Structures are given as structure tokens and as C-alpha cells.
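Fold and contact review
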Amino acid sequence: MTTTTTTTTTTTTTTTTTLAVTCVPADRADLQGCDFTNADLTNANLTNATLFGADLTGANLTDANLTDANLTGANLEGVIGYKP
């Protein structure tokens, strides 16, 4: 009697892209639905920007200007430097 054993190994690779944006002049920008996951938006000027439905999960918004920005439906989970 012969026994055959087969082993299958599956490797999953996850790639994370970090977006670093400095001095973003995005005044009145239409950024609805954009993915800013883990983005560095420190000091970004997002005055009057439309971020409707944008994903800002884990983004750094330290000292970002969000005056009159539309964040309706935006995902702010884990955002750094911003308190709605």
C-alpha cells in the first residue's frame, strides 16, 4: 500500500501604498469618492473641498485646513489630527 501526501502552500502578498502629499493647494477641489487611505495630508489646504464619500481611513490631517469642506459620507476611521 502506498500513501501519497500533497501539501499546497498559498502565499498572499499585501501591498500598501502610502501617499505623501505636502502643501496640497486643493481649495475647492472635487475629491469625492477618492481613496486617501493612510495618506499624509499634513498642512493640506482643503478649504471648500468636496470629499463626499472619500475614504480617509488612517489619513494624517494634522494642521490641514478643512474649512467648509464637505465630508458627508467620508470614512474618517483612524484619522490622525482631525476631530469632527
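Along each chain, the written sequence defines residue order, and numbers are assigned to residues from 1. For a predicted model such as this one, the threshold for reporting local features is a pLDDT of at least 70, and the threshold for listing and counting side-chain atom pairs is 80 or more; totals across whole chains, interfaces and linings nevertheless cover every residue. Water and hydrogen atoms play no part in the side-chain values, which are based on all heavy atoms of the structure.

Counting secondary structure elements, the protein chain contains zero helices and zero strands. Within the span of the protein chain, comprising 84 residues, buried residues form 29% of the whole. Surface summary for the protein chain: the accessible area is close to 5800 Å², and the carbon and sulfur share equals 48%. Helix numbers and strand numbers start at the N terminus; a helix is a DSSP run of H or I with at least 4 residues, a strand a run of E with at least 2. A 1.4 Å probe rolled over the protein chains alone gives each residue an accessible area, and that area as a share of the maximum for its type sets the label: buried under 20%, exposed over 50%, partly exposed in between. Each accessible area value is a Shrake-Rupley result obtained with a 1.4 Å probe; residue values ignore everything except the protein chains displayed when judging cover.

Our next topic: the confidence of the model for the protein chain. The quantity called pLDDT is the predictor's confidence in a given residue, expressed from 0 to 100. Residues at a pLDDT of 70 or more form 69% of the protein chain, whose mean pLDDT is 81. Two residues form a contact once any of their heavy atoms are found within 4.5 Å. Note that residues 12-23 has pLDDT below 50 and, in this model, twelve contacts with residues that lie over four places away or in other chains.

What follows deals with the environment of Phe52. For Phe52, a relative accessible area of 43% corresponds to the partly exposed category. Spatially, the C-alpha atoms of Phe52 and Gly73 are 5.7 Å apart, while their sequence positions differ by 21 residues. Dropping the residues within four chain positions of it, Phe52 is found in contact with Gln32, Gly33, Asn70 and Thr72.

Classification of Asn48 by relative accessible area gives partly exposed; the value is 25%. In this structure, the C-alpha to C-alpha distance between Asn48 and Leu66, residues 18 residues apart in sequence, is 7.1 Å. In this structure Asn48 touches Asp27, Arg28, Thr67, Asp68 and Ala69, once residues within four positions along its chain are discounted.

The next thing to look at is the environment of Asp35. On the basis of relative accessibility, which here comes to 54%, the residue Asp35 falls in the exposed class. Sequence-wise, Asp35 and Ala59 are 24 residues apart; in three dimensions their C-alpha atoms are separated by 9.9 Å. Pairs of N or O atoms are called polar contacts if they sit within 3.5 Å, as long as, within protein, a hydrogen donor faces a hydrogen acceptor (for residues adjacent in sequence, only side-chain-to-side-chain pairs). A distance of 2.4 Å separates a polar atom in the side chain of Asp35 from a polar atom in the side chain of Thr37.

For Asn38, which is not glycine, the phi dihedral falls at a positive 60°. Note on Asn38: relative accessible area 37%, which makes it partly exposed. Its identity is not glycine, yet Asp68 carries a phi of approximately 60°, on the positive side.

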